[in-house]
Amino acid sequence: MALQSFGSLIKEPRFVVRKFLARPQHEGLGAVVRRSIGRFELKYFDPFLVLDEFSVTAPAGFPDHPHRGFETVTYMLEGAMTHEDFKGHKGRIGAGDLQWMTAGKGIVHSEMPASHGTQHGLQLWINLSSKHKMIEPRYQEIHNEDIVEATREGVKVRVIAGEALGAKSPIYTKTPTMYLDFTLGPGSRIEQPIPVGWNAFVYVLEGEGGVFGSMKSMPITPHHLLLLGNGDGLEAWNKSSSKALRFILVGGQPLNESVVQLGPFVMNTQEEIDQTIEDFENCTNGFERARHWSSQP
């Protein structure tokens with residue numbers, strides 16, 4: 001099948017400069033994650049702190065735990081998770097749903113399986129600038145049927161954040177971010193603009209025929225993270241004649257600030273981390289509600 005061509009003109013295509021295979025590891029309470037950003041080889045890719053592809057089967061999960069200084073983006077692929085926090089926010093994130101949580105000055109919450117079988121999804125941590133680290137927590141949630149989609153000549157995109165194929169997400173990002181879920185049918189091709197100066201990566205979810213940046217590149221298999229070099233956009237092809245290719249394309253404006261991280265706390269200095277630990281232990285300065293709260297079993 002001939003590869004189809006369309007899309008905006010990319011003057012300076014971004015090429016793959018590094019590639020990682022995300023291998024399974026244990027996290028939380030018996031959960032299994034494939035961590036690609038936030039591991040030994042790639043501790044930080046400004047402004048991105050962590051990318052996990054998670055698989056959770058009850059009774060495993062992510063029981064009560066805190067966050068400060070960044071955002072978590074949970075995108076469910078299969079199954080469902082329940083979410084509950086110490087401010088009274090509670091809900092269910094089902095297949096195809098999105099939760100964009102700004103932890104800001106402090107959240108304590110739980111994320112646990114909501115149904116039988118394996119719950120499968122992605123969680124991305126996005127750093128906040130120093131001026132936004134201590135803002136009040138907030139949520140943006142979009143159900144599967146309300147996520148903006150666009151299709152063109154064998155390509156479908158779900159626009160989690162940013163814009164693609166003329167479709168734009170309503171999500172507001174404190175740290176300027178694009179997050180696109182592409183599915184390319186056999187023989188399809190896509191050109192997607194990416195702002196110059198942003199850091200960007202691809203994470204492959206499904207398919208064996210994905211080629212990124214150059215037609216001469218070797219096809220990439222699932223669970224690989226691809227860091228993209230400089231340029232104004234990405235070209236991607238599905239060389240398979242029978243199977244679809246699915247991947248996420250994520251880009252963000254670098255903060256260019258110092259990062260000091262201690263587990264679920266991400267600040268700019270060690271002094272701020274020390275203060276965060278004190279706030280959490282004493283249930284002060286954003287963690288007041290943690291004193292008498294625990295999630296419901």
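Fair warning: this is a prediction, and the values are worked out from it, not measured in the lab.

S.K.: Looking at this model, I keep getting lost on the sheet that holds strand β19 (residues 199-206). Mind explaining?
M.R.: Two orientations exist for strands paired in a sheet by backbone hydrogen bonds: parallel and antiparallel. The 7 strands lie next to each other as β1-β21-β19-β23-β17-β14-β13, forming an open sheet whose pairing is antiparallel. Where the open sheet ends on each side, the last strands, each with one partner, are β1 (16-21) and β13 (148-152). The mean angle between the axes of side-by-side strands here comes to 20°, regardless of whether they run parallel or antiparallel. As paired strands, strand β17 (residues 177-184) and strand β23 (residues 245-252) are joined by 8 bridges and run antiparallel to one another. For D181, the partnering residue across the bridge sits in β23 and is I248.

S.K.: What's the story with the UniProt feature "domain: Pirin C-terminal" (unreviewed entry) in the chain in this structure? I'm lost.
M.R.: In this structure's numbering, the residues bearing the UniProt feature "domain: Pirin C-terminal" (unreviewed entry) are residues 179-286. Secondary structure content for residues 179-286 is 12% helix and 44% strand, and the end C-alpha separation is 29 Å.

S.K.: Would you take a moment to explain the sheet that holds strand β7 (residues 81-85) for this structure?
M.R.: Reading across from one edge, β5-β10-β7-β8 is the order of the 4 strands in this open sheet, with antiparallel pairing throughout. Each edge of the open sheet is held by one strand with a lone partner, namely β5 (62-67) and β8 (90-93). Across the sheet, the mean angle separating the axes of adjacent strands is 25° when strand polarity is ignored. With 4 bridges connecting them, β7 and β8 associate as antiparallel partners.

Criteria and thresholds
- Residues numbered from 1 in each chain as written.
- Predicted model: local features only at pLDDT ≥ 70, side-chain atom pairs only at ≥ 80, totals over all residues.
- Heavy atoms only, no water.
- Pairing = 2+ DSSP bridges.
- Helix = DSSP H or I, 4+ residues; strand = E, 2+ residues; numbered from the N terminus.
- Axes fitted to C-alpha atoms, helices over the stretch in contact; angles between N-to-C directions.
- UniProt positions renumbered as here; feature names shortened; annotations may be inferred.

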